[in-house]
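Structural overview
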Amino acid sequence: MAQKGDAMADMITPHIATKGLSRNFGGLIAVNAVDFEVPKGEIRAIIGPNGAGKSTFVGMLCGRIAPSSGEIMFAGQNITAMPAHRRIRLGMAYTFQITSIFARLTLKENVRLATSWRWNGDETAIQHATLAALEQVGLADRMNQIAGDLSYGHQRLLEIAMGISQHPQLLILDEPTQGLADSEIASFVKLIRDLGGDMTILLIEHNMNVVMDTADKITVLNLGSELATGTPQDIRANKAVQAAYLGETHA
Amino acid sequence: MSDSKKSVIFHLGFLGLLFLLQFLLPAYHHGNLARIMVLATYAMGYNILFGYTGLLSLGHAMFFAAGMYGMGLTMTHLGWTAGPAMVAGFLAGVLVSAGIGFLALRTSGVSFMIVTLMFAQAGFLTILYFGEWTRGDEGFVIQQADRVFAGIDLSDPTNRYLAALLLFGLCLMLTIRLMQSRFGHVLIAIRENEERTQMLGYHVHHHKWLAVIASGTMAAVAGAAYALLFGYAGATFASVQYSIFPLLWVLLGGAGTALGPFIGTLFMFYLIDLSSSLTTAYMLIAGVALVLLTLFLPQGLVGEWRRRVMPWLT
Amino acid sequence: MELAPYLILGCIEGLVTAAVLALMAVGLSLVFGVMRVVNVAHGEFFMLGAVLAWFVADQLGGHPAIAFLAALIIAPLLVGTLAMIADMTILKRVSYDPERTIVATIGLLYIIQQLTLMTYGSNARPVEPPFNQRIAIPWFEWVDGGLSLYWPWGLGTTSYKLAVIGFAIMLLLGIWVLMTRTRIGLIMRATQLDRDIAQAYGIHVDRVYAMVFGLGAALAAMAAVLIVPIQQAHYLMGHDPLLLSFIVVIIGGLGSLVGTVIAAVMIGLSDGLISVFFTPTLAKIIATLMVTFVLIFRPSGLMGSK
C-alpha cells in the first residue's frame, strides 16, 4: 500500500479500540461494556476513583486478564483472543502498577531482556536501544547495579525504561508516578511529552497535575463504565466527573 | 576479556584438571570419579530446570530411567549395539520429557512438584509391572561384550574415565553455551519474574517446555551412559530417592551455577562413601546435609564462591 | 462361589484403609491449609508413631488393652512435640518458603527414617491389638426357593478392624468440632485466611504454626498406632501412606477438611476394591495416574469449588 494510504488509514482507524469490553469477577462487574478509541500518537489518560476498573481495563488491553465479553482492536487487528506475549511483539509495552522488575539482575540485563528480541539478535541495535532507554529515564550511570538495590522510585523508572526500550507503538503505563519524588515526576512529565507523537500512550494516573500536563485527552471510568471522554478542559468542567470524584453515585 | 569468555576459559581449565587427575588418582578414586562425572551430568540436567529456570521437579528419576532403559532394553532384548542403543536412550529422554513436560507444565509451584513426583512414581511402578523385561528391582546386567563403542571397550577403567569425562565435558560446555545464549537469559528471567518475562513479549510456557526437554534429555543421556559404562540397569534408579539426589547435589553445589552440580555430587558421594563404612544408615548424612543447607547455605558451595570471589561465573 | 461376599470384604478392608488414611491426610491438609507448606516428612511422623507404639507397648507389657491405650496417648504426644520442635528450629528459620520447606522436610524425612533404622533396626514388629474377636460375614443363598443365611468359609473380619473405623470417625468429628466450634479453631482459620491480619489482631502466628504442625504430626502418629496391630511397625512404612495421603489431599482439594475425608473414603474403598480385581502394582499405577491427571486438569481438586 502506498505511503499516503497508510497515513489515511491511521487517521480513520483508531490505533487501539474496544467494543463492549466487559469483565466480571464472580458477581462483581469490574468493567462494564466500555467502548474506547484512541487514535495513533495520542496521549490518553485514564482516570477514575479507586475501584473504577482502570487496571482491569488496561489489563485486558495488554492480555493479562481475559475479557468476559467484548472485543479489542489494535492497529486494525482483532486481538481479543491473542496471548499477552504476542500482543507485546505486535508493538505494545506495559508497565505494572506494582513494580515488577528482575530484582537480582543488573539494570542493563533488565533492559536487555526487553530489547533482545526486538532487534532480533542485532547486538549493536540492542546495546544502543538499551543504553538510550536508560539514558532517557536518567539511570544510565547505574546500569551495572543490581536492580533490587535501587530505590523504589528508581525501580519504577527502570520499568518505564524497559517499556520504552522496545520502541513500542503503544505504551501502557499503570500508575507510573506512584512513589516518585517531585523532581522525578517533573522529569517523567517531560519524558512522556517527548515520547508522545512517536507512540500512542495510555496513562493510568492519580496525580492530576501529571494528567493535565501530559494528556491530549482524558477518559474517566467510574464503577466500571465510561463516564466521560474529552480534553483536559472539558473534563475539568464536567459536572458528572466532579460528582464522581466527590463520591456521589450516578445511575 | 568479557565475563562470558572468562567463564568459558575457567571451565575448560577445570576439564583439563579432570583430565590430568586420571594419571594421579589411585584406582579406587579413579573409578569413583568416573561415576561422579556421569552422575554430575544427571545433576547438570536437573540444574537446567531447577537452577536456571526455577522449576522444582521431584520426578527427574523418570528421565534418568528413560535413558537407562531406552539404552538397556534395546540392547538386551533387540540386540542393538552401543551406538544405536545410546541413541534410543537419548530419544526415550526426548519423548518422555516432551510428553511429561507438556502435561506437568499445566500446573505450577507445589502442584508441579507433586505432579512430577506422581508421574515418576507411576514410571517406577511401570518398570516393576513389566518385570518380565526389566527384571524389576533386581535389574539386569549389561554384558561386558556389549559395552563396546567403535571398537573401544568401555568396561576398561581408563576408557571408561575418558568416556565419562567426554560426556561430562560436553554437557558442561553445552550448559554454559546455553546459559550465555538469549534462550538461557530468558530462562533466567522466567526464574526471576515469570509475569514480567511474559509482559516483555516472551512465550513463557514454550520456553519452560523447552527447558524441561533439555533438562530431561540431559538426565536421560546420563542414565543411558551410566548403564553402558557401569553395566547395570535397575528399578532403584527410577525410585523417588533418585529424584531427590539431583536436587540434593544441585543444592549443595549451588543451583544455577554450571559447576555446582559436579561439586555437589562429588561432595555428597564422598560424604556417603565415608559414612557408609561407619553405618548402614548412611542416608542420615544426606538428611542432615539437606537441613543444614536450607538453613545456612541456600546458595550452595559454588554459589557462595561465585558471590564472594568470581561474580562472572556462569 | 459368588463375588458379592468378596466385595463386602473388600469394602471393610477399604474402610479400614480409609479411616487411617483420612486421619493422616487431615493432618497433612491442616498443615498445608494453615501454613501453606508441604510436609514431606509426614510419612515419617506416621512411621514414628507406629515404632513408638511398639516401644511403649513393649516396655509396659501387661494386658494388651492397657499397653495399647498407653501407646495411643503417648506416641502421638511425643511425635507432636518432636514436630513442634522441628517447626521452631527449622521451618520457622526458612520463613516457611514453600520450596525450601520441601527440601528441609525431605532432609527431616531421611533423618527420622535413618535414626529409626539405627536404633530400632530393620525388623518389622507387631503390637498386640487390645481385642480381636473374629467376626464372620454371613451371606444369603437360595435354598429350596427361600433365602437362607450361611457363612462362606474364610470370609470374615475382626472386631478390632471395626473399632478402628469407629474410632477414626470419632476423632475426625473431634477435629471438625475443634476447627469450627472452638476458639483455637477460629484462631487457626483466621491465620489460614490471612497471616498478616491475624498477626495484626494479636494472634501469635508462630505459636499457631508450631501447634498446627504438631497437631498434623500427632494425627499421623495416631493413625499409625491404630494400624500397627494390623500391619507391623517398620522403618520404611511411611513411604506408601505419604503418597496416598498426598493423593487424598489433592483429590479432596488442597486444604479442605471435608473434601479430604470424602477423598480418603473414595481412595480407601477403591484401593480395597481395585485390589480384588487387579494386581497391586497395576492398581497403584492406575491410582497414581488418575490422581496426577486430576491435579493437572482439575487443579483445585474434585471437591474444590473454584
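A brief look at the structure comes next. (Residues numbered from 1 in each chain as written. Chains lettered and ligands numbered in written order. Predicted model: local features only at pLDDT ≥ 70, side-chain atom pairs only at ≥ 80, totals over all residues.)

This part covers the overall build of chain C. Counting its regular elements, chain C contains 11 helices and four strands. Here the C-alpha atoms of chain C give a radius of gyration of 20 Å, agreeing with the 19 Å that 2.2 N^0.38 yields for 306 residues. Viewed in the frame of its principal axes, chain C has a C-alpha envelope of about 75 × 50 × 35 Å. Here chain C holds 306 residues, and the buried ones make up 46% of them. (Helix = DSSP H or I, 4+ residues; strand = E, 2+ residues; numbered from the N terminus. Rg over C-alpha atoms; globule rule 2.2 N^0.38 Å. Buried ≥ 20, exposed ≤ 12 C-beta atoms within 10 Å, placed from the backbone.)

Broken down by element type, chain A carries 10 helices and 10 strands. Computed over C-alpha atoms, the radius of gyration of chain A comes to 18 Å, within 12% of the 18 Å expected from 2.2 N^0.38 for 251 residues, which places it in the range of a compact globule. Buried residues in chain A amount to 43% of all 251 residues. Considering only contacts in chain A between residues 6 or more positions apart, those separated by 24 or more positions represent 64%. (Contact = placed C-beta atoms within 7 Å.)

Moving on, we get to the interface of chain B and chain C. Taken together, the contacts link 34 residues of chain B with 34 residues of chain C. Secondary-structure elements contributing two or more residues to the side of chain B that touches chain C are helix 5 (109–129), helix 11 (240–253) and helix 13 (283–296) of chain B. The dominant element in the side of chain B that touches chain C, judged by the number of residues it contributes, is helix 5 of chain B, at 14 residues. Along the lines of polarity and charge, the residues of the side of chain B that touches chain C split into 24 nonpolar, nine polar and one charged. (Nonpolar A, V, L, I, M, F, W, Y, C, P; charged D, E, K, R; others polar.)

The subject of this paragraph is the pairing of strand 9 (residues 217–222) of chain A. All names here are of chain A. In terms of residue burial, strand 9 counts as a mostly covered element, since five of its six residues are buried. Here four bridges tie strand 3 (residues 43–47) to strand 9, and the two strands are oriented parallel to one another. Pairing of Ile46 across the sheet is with Thr219, part of strand 9. As paired strands, strand 9 and strand 10 (residues 225–230) are joined by five bridges and run antiparallel to one another. Each bridged residue has a counterpart across the sheet, and for Val220 the counterpart in strand 10 is Ala228. (Pairing = 2+ DSSP bridges.)

Right, let's talk about the interface of chain B and chain A for a bit. Taken together, the 13 residues of chain B in the interface contact 17 residues of chain A. Residue assignment for the side of chain B that touches chain A shows that the elements contributing at least two residues are helix 8 (182–192) and helix 9 (194–199) of chain B. The class makeup of the residues in the side of chain B that touches chain A is four nonpolar, five polar and four charged.

Moving on to the arrangement of the chains. Of all two pairs of chains in contact, the one with the most contacts involves chains B and C. Here chain A and chain C are not in contact; the least distance found between their C-alpha atoms is 10 Å.

Residues and elements named next belong to chain B. Taking 1.5 Å per residue as the helical rise, helix 3 (residues 61–78) with its 18 residues ought to reach 26 Å, and the 24 Å between its terminal C-alpha atoms agrees with that figure. Of all 18 residues in helix 3, 16 are buried, a share of seventy percent or more. Immediately beyond the C-terminal end of helix 3, within one or two residues, lies Gly79, with a positive phi of roughly 70°. (Expected span 1.5 Å × (residues − 1).)

For the rest of this paragraph, the subject is the environment of Asp58 of chain C. With respect to the element layout, Asp58 of chain C can be found in helix 2 (residues 42–60). For Asp58 of chain C, a count of 12 C-beta atoms within 10 Å gives the class exposed.

Residues and elements named next belong to chain B. Taking 1.5 Å of rise per residue, the 27 residues of helix 10 (residues 204–230) would be expected to cover 39 Å, and the 39 Å separating its terminal C-alpha atoms lies within 8% of that figure. Within helix 10, 22 of the 27 residues are buried, which leaves it mostly tucked inside the rest of the structure. Of the residues one or two after helix 10, Gly231 is the one with positive phi, at around 75°.

Turning to the packing of helix 1 (residues 3–24) of chain B against helix 7 (residues 157–180) of chain B, a few remarks are in order. When two helices pack together, their arrangement is given by the angle between the helix axes and by the axis-to-axis distance. All names here are of chain B. Contact geometry of helix 1 with helix 7 gives a least axis separation of 11 Å together with a crossing angle of 175°. Considering their axes alone, helix 1 and helix 7 lie roughly antiparallel with respect to each other. Of the residues in helix 7, those touching helix 1 at Ser4, Ser7, Val8, His11, Leu15, Leu18, Phe19 and Gln22 are Tyr161, Leu165, Gly169, Leu172, Met173, Ile176 and Gln180. (Axes fitted to C-alpha atoms, helices over the stretch in contact; angles between N-to-C directions. Parallel < 35°, antiparallel > 145°, perpendicular 65-115°, else oblique.)

Next up on the list: unusual backbone geometry. In this structure, Arg135 of chain B is a non-glycine residue whose phi angle is positive, near 60°. Topologically, Arg135 of chain B is positioned in the loop between helix 6 (131–134) and strand 1 (140–141). Residue Arg135 of chain B is classed as partly exposed on the basis of its 17 C-beta neighbours within 10 Å. Of note, the phi angle at Ser95 of chain C is positive, near 55°, even though the residue is not glycine. Looking at the secondary structure, you find Ser95 of chain C in the loop between helix 3 (64–91) and helix 4 (98–119).

Residue and element names in this part refer to chain A. Sheet topology places strand 1 (residues 16–25) next to strand 2 (residues 28–38); seven bridges connect them, and they run antiparallel. Each residue of the ladder has a partner; that of Phe25, found in strand 2, is Leu28. If you look at the hairpin formed by strand 1 and strand 2, you'll find two residues sitting between the two strands, and Gly26 has a positive phi there, around 60°.

Residues and elements named next belong to chain B. Running from N to C, helix 11 and helix 14 (residues 300–308) point in directions that differ by 25°, and their axes come no closer than 3 Å. Taken together, the axis directions place helix 11 and helix 14 in an arrangement best described as roughly parallel. Together, Leu251, Leu252 and Gly253 of helix 11 and Gly300, Leu301 and Val302 of helix 14 make up the contact between the two elements.

It is worth spelling out the sheet that holds strand 5 (residues 77–78) of chain A at this point. Residues and elements named next belong to chain A. Strand order across the open sheet formed by four strands is 2-1-4-5, with antiparallel pairing between neighbours. The outermost strands of the open sheet, each flanked by one partner alone, are strand 2 and strand 5. Of the strand pairs in this sheet, strand 4 (residues 69–74) and strand 5 are connected by two bridges, and their pairing is antiparallel. Each bridged residue has a counterpart across the sheet, and for Phe74 the counterpart in strand 5 is Gln77.

Turning to the environment of Gly259 of chain C, a few remarks are in order. Residues and elements named next belong to chain C. Tracing the backbone shows Gly259 in helix 10 (residues 257–277). On the basis of neighbour count, Gly259 is assigned to the buried category, with 23 C-beta atoms found within 10 Å. Placed 203 residues apart in sequence, Gly259 and Val56 show a C-alpha to C-alpha distance of 34 Å.

What follows covers the nonpolar core. Counting residues in hydrophobic clusters, the biggest one holds 280 residues, and the most contacted among them are Ala53 and Ala221 of chain C. When neighbours within four sequence positions are excluded, Ala53 of chain C is seen to be in contact with Ala71, Ala75, Val127, Ala224, Val225, Val228 and Ala233 of chain C. (Core = buried A, V, L, I, M, F, W, Y, C linked by C-beta atoms within 7 Å.)

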